[in-house]
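Structural description and commentary
Here is how the chains run, residue by residue.
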Amino acid sequence: MFNNLIGNNKIKNNLIQILNSNQLFHTYMFIGTKGIGKSEFAKEFAKGILCNSNEQKPCLKCKSCLELENNNHPDYYYIGLEEENSIKIEAIRKMQAKVQELPIVSKKKVYIIDDSEYMTKEAQNSLLKTIEEPPEFVVIILITSDENKILNTIQSRCLKIYFQNISDDEIKDYLKEKHGVKNISENEIIACNGSIGKAIQIKEQKDNYIILENIFSNIEKYTLPEALIKLEILYKDKENINEMLDYINVILLNKAKENINYINYIDIVEKVKRKLNSNCNYDMTIDYLIYNIW
Ligand SMILES: [Zn+2]
């Protein structure tokens, strides 16, 4: 169990122990940085809870394990972010409408609420009722990267499990072994910030990150026209602009160790982020970034 998941070995052992002892809590809260595998842990844990085998769980052979693998398990419910980046009361009500119904395939039912800090106040208050008196066969797993946004009355009824960030070495090993990435720069590792999700994203856009690294760690060597040509990606790849700006900051921060002037450039990048968030003209904002740094 958990063989495919990286890091957090203590938690792996704890969850396996919980499954073996059959002493399940009704509500768990998985807490930790985005992208460190909390959702994958929760799904694997759910698989173990729902498995019908009397021996090693999950057995990967029983009806429950197979149906979960095919995303077709009637006793497994996943609630995630909806439009407008929130989880509204309707989603919670939909869950509650069936929460009292007995499980069909397994002995338990598992509800996962991912990014649960995005539940609206109404949604949280509504969920509270279920958490206060859950049917005995129900297990709820709340996943969050910011527990403070969740009502205290909910928090106090959860068994909290804190996930650690993945270590730099674990990330390097993961990228090497699973994705064959050999050269990982110091800046890339810093940008991962202990998140496998981030590491995958950086791997997928490696070409862009190499360009950013070349330019922003050697700003003095480029003329403005050269920089504008090379930094075309900033204009083109609007979807990933926030990630690229974060990465530019990592590069600048690293350079600032040698030359304190680089700190000023970080202010410019932060200003650009704010401008983009407030819907300023995109191309003009990128112009602003490049012209000001040069
Ligand atoms: Zn099974």
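Look up a bit, the structure's there.
Residues numbered from 1 in each chain as written. Predicted model: local features only at pLDDT ≥ 70, side-chain atom pairs only at ≥ 80, totals over all residues. Heavy atoms only, no water.

Right, let's get into the packing of helix α13 (residues 241-256) against helix α14 (residues 262-277). Running from amino to carboxyl end, α13 crosses α14 at an angle of 165 degrees, the nearest separation of the two axes being 8 Å. If you check the angle between α13 and α14, you find them roughly antiparallel. Crossing hand, α13 versus α14: left-handed. Across from I241, L245, D246, I248, N249, L252, L253, K255 and A256 in α13, the residues of α14 making contact are Y262, I263, Y265, I266, V269, E270, V272, K273 and L276. Residue classes in the contact of α13 with α14 are distributed as 13 nonpolar, one polar and four charged. (Axes fitted to C-alpha atoms, helices over the stretch in contact; angles between N-to-C directions. Helix = DSSP H or I, 4+ residues; strand = E, 2+ residues; numbered from the N terminus. Parallel < 35°, antiparallel > 145°, perpendicular 65-115°, else oblique. Left-handed = near helix turned anticlockwise from the far one by under 90°. Contact = heavy atoms within 4.5 Å. Nonpolar A, V, L, I, M, F, W, Y, C, P; charged D, E, K, R; others polar.)

Here the focus is the sheet that holds strand β3 (residues 109-113). Ordered in space as β2-β3-β4-β1-β5, the five strands form an open sheet in which the pairing is parallel. Every other strand in the sheet has two partners, leaving β2 (76-79) and β5 (159-162) as the edge strands with one partner each. Geometrically, the sheet is characterised by an average inter-axis angle of 15 degrees between neighbouring strands, direction not taken into account. As defined by bridge partners, strand β1 (residues 27-31) adjoins strand β4 (residues 138-144) across five bridges and the pair is classed as parallel. Each bridged residue has a counterpart across the sheet, and for I31 the counterpart in β4 is T144. Strand contacts of helix α4 (residues 89-99): β2, β3 and β4, with the helix running at about 175 degrees to β3, the strand carrying the most contacts. Against the sheet, helix α5 (residues 121-132) makes contact with β1, β3 and β4, and its axis sits at roughly 140 degrees relative to β4, the strand it touches most. (Pairing = 2+ DSSP bridges.)

With that out of the way, let us pick up the coordination of the zinc ion. Protein-derived coordination of the zinc ion comes from C51 (SG), C59 (SG), C62 (SG) and C65 (SG), at a distance range of 2.3 to 2.4 Å. Around the zinc ion, the four donor atoms sit at angles spanning 104 to 117 degrees, and that spread fits a shape best called tetrahedral. Counting the intervening residues between successive donors of the zinc ion yields the motif C-x7-C-x2-C-x2-C. No difference in accessibility class separates C51 from C59, as the two residues are buried. (Donors = N, O, S within 2.8 Å, 3.2 Å for Na, K, Ca; no water. Tetrahedral: all angles 85-135°; square planar, octahedral: opposite > 155°, others 65-115°. Buried < 20%, exposed > 50% of the residue type's maximum accessible area, 1.4 Å probe, protein only.)

By the definition in use, this model includes one cavity of 30 Å³ or more. The space that makes up the largest cavity amounts to roughly 50 Å³. Looking at the largest cavity, the residues that line it are L175, V181, I184, E188, C192, A199, I202, K203 and K206. Contributing elements (two or more residues each) for the lining of the largest cavity: α8 (186-192) and α9 (196-204). Per-element tally for the lining of the largest cavity: the top contributor is α9, with three residues. Residue composition of the lining of the largest cavity, grouped by class: six nonpolar, no polar and three charged. (1 Å grid on protein atoms, 1.4 Å probe; cavity = no way out; pocket = protein on both sides within 12 Å on 5 of 7 lines; lining within 4 Å. Points joined across faces, edges and corners; volume = space filled by probe spheres on them.)

Interpretation in functional terms is not warranted from these geometric data alone.
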